[in-house]
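What follows is the residue order along each chain.
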Amino acid sequence: MTGAVGWLGDAYLWVKAAHLIFVIFWMAGMFMLPRFLVYHMAAPAGSAEDALWIDREARLRRIIINPAMIAVWLIGLALVANIGLAGQGWLHVKLAVVFAFSGYHGWMVGLSKKFARGERPLSERALRLANEIPSLVTIVVVILVIAKPF
Ligand code: HEM
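Residues numbered from 1 in each chain as written. Predicted model: local features only at pLDDT ≥ 70, side-chain atom pairs only at ≥ 80, totals over all residues. Heavy atoms only, no water.

S.K.: Describe in detail the side chain of lysine 94, supporting the description with residues and values.
M.R.: Examined against the element boundaries, lysine 94 turns out to sit in helix H3 (residues 89–116). Buried lysine 94, no salt bridge; nearest opposite-charge side chain is glutamate 132, N-O distance 21 Å. Residue contacts for lysine 94: discarding those within four places in its chain leaves His19, Val141, Leu144 and Val145. (Helix = DSSP H or I, 4+ residues; strand = E, 2+ residues; numbered from the N terminus. Buried < 20%, exposed > 50% of the residue type's maximum accessible area, 1.4 Å probe, protein only. Lys, Arg positive; Asp, Glu negative; His and termini not counted. Salt bridge = Lys/Arg side-chain N within 4 Å of Asp/Glu carboxyl O. Contact = heavy atoms within 4.5 Å.)

Right, dumping it as structure tokens:
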């Protein structure tokens with residue numbers, strides 16, 4: 001399966017490179033956001049420090065994680081159309097994992113907007129646990145796409 005035979009033709013490797021570039025931006029932002037919220041927890045609602053974190057989280061959403069997630073999905077689906085789904089067990093599991101991770105993205109975005117309204121709906125411990133999810137997803141997805149175990 002070279003991919004050069006698919007509809008992407010000679011652009012295949014350039015498209016895969018673009019996929020990885022946006023994957024790195026997305027994952028970097030998703031490592032940062034829950035960490036920002038852990039630090040934001042200590043800032044009293046309405047304080048100057050609270051306002052700083054609200055601004056940092058808003059820019060992280062608008063400039064990095066939301067555009068990067070959209071780009072990863074669009075380019076990723078183009079790559080799916082290039083290699084097809086039949087007999088690609090690793091890709092089926094990968095799509096399920098990244099679909100669930102996109103749900104986590106939505107949850108974190110919603111949480112940061114609640115923080116901006118002065119709410120603190122989760123404990124610091126729960127936030128620190130949630131912060132581990134992007135690492136787990138990275139380990140699972142990279143093993144799936146590189147080793148293609150099934
Ligand atoms: C969000 C939706 C995503 C879709 C639809 C998707 C789909 C794909 C497809 C079809 C390929 C090409 C496989 C090939 O031609 O060999 C690919 C490559 C790759 N993807 Fe994704 N992907 C997504 C997200 C991610 C994420 C979140 C990560 C990492 C955390 C990731 C990491 C990779 C890597 C490392 C490769 C290169 C594999 C290789 O060189 O063989 N992808 N992706």
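S.K.: Lay out the site of the ligand in plain terms, naming residues and giving numbers.
M.R.: In the vicinity of the ligand there are 20 residues, among which Tyr12, Lys16, His19, Leu20 and Lys94 approach most closely. At a separation of 3.1 Å, an oxygen atom of the ligand approaches a polar side-chain atom of lysine 16. Here a nitrogen atom of the ligand sits 2.5 Å away from a polar atom, N or O, in the side chain of lysine 94. With respect to the detected pockets, the ligand is housed in the largest pocket. At the level of elements, helix H1 (12–40), helix H2 (48–83), H3 and helix H5 (133–147) are the ones that each hand at least two residues to the shell around the ligand. The biggest single contributor to the shell around the ligand is H2, with 7 residues. (Near = heavy atom within 4 Å. Polar contact = N/O pair within 3.5 Å; in protein donor to acceptor, adjacent residues only side chain to side chain. 1 Å grid on protein atoms, 1.4 Å probe; cavity = no way out; pocket = protein on both sides within 12 Å on 5 of 7 lines; lining within 4 Å. Sits in = over half its atoms within 2 Å of the grid points.)

S.K.: So what's going on with the coordination of the iron atom of the ligand? Residues and values would help.
M.R.: Working reference: metal with six octahedral donors, ideal angles 90 or 180 degrees; metal with four tetrahedral donors, ideal angle 109.5 degrees. Taken together, the protein donors to the iron atom of the ligand comprise His19 (NE2) and Lys94 (NZ), at separations of 1.8 to 2.1 Å. Considering all 6 donor atoms around the iron atom of the ligand, angles at the metal cover 83 to 176 degrees and the coordination shape is octahedral. Taken as a pair, histidine 19 in helix H1 and lysine 94 in helix H3 lie far apart in primary sequence, 75 residues in all. According to the relative accessible area criterion, lysine 94 is buried, its value standing at 15%. (Donors = N, O, S within 2.8 Å, 3.2 Å for Na, K, Ca; no water. Tetrahedral: all angles 85-135°; square planar, octahedral: opposite > 155°, others 65-115°.)

S.K.: For unusual backbone geometry, give the residues involved together with the corresponding values.
M.R.: Not every positive phi belongs to a glycine, and lysine 148 is a case in point at roughly 45 degrees. Here lysine 148 shows up in the segment after H5. The exposure class assigned to lysine 148 is partly exposed, which follows from its relative accessible area of 33%.

S.K.: Any chance you could break down the environment of isoleucine 70 for me, citing the residues and the numbers?
M.R.: Looking at the secondary structure, you find isoleucine 70 in helix H2. For the pair isoleucine 70 and phenylalanine 25, spaced 45 residues apart in sequence, the C-alpha separation works out to 11 Å.

S.K.: Run through the nonpolar core, naming residues and quoting values.
M.R.: Within the largest apolar cluster, 30 residues are counted, with the highest numbers of intra-cluster contacts made by Trp26, Met30, Phe101 and Met108. Among the secondary structure elements, those contributing two or more residues to this core are H1, H2, H3, helix H4 (124–130) and H5. Of all the elements, H3 adds the most residues to this core, at 9 residues. For methionine 30, the contacting residues outside a window of four places in its chain are Ile65, Phe101, Tyr104, His105, Met108 and Pro134. If you look at the next biggest cluster of nonpolar residues, it comprises 5 residues, including Leu8, Tyr12, Ile75 and Leu79. (Core = buried A, V, L, I, M, F, W, Y, C linked by side-chain atoms within 4.5 Å.)

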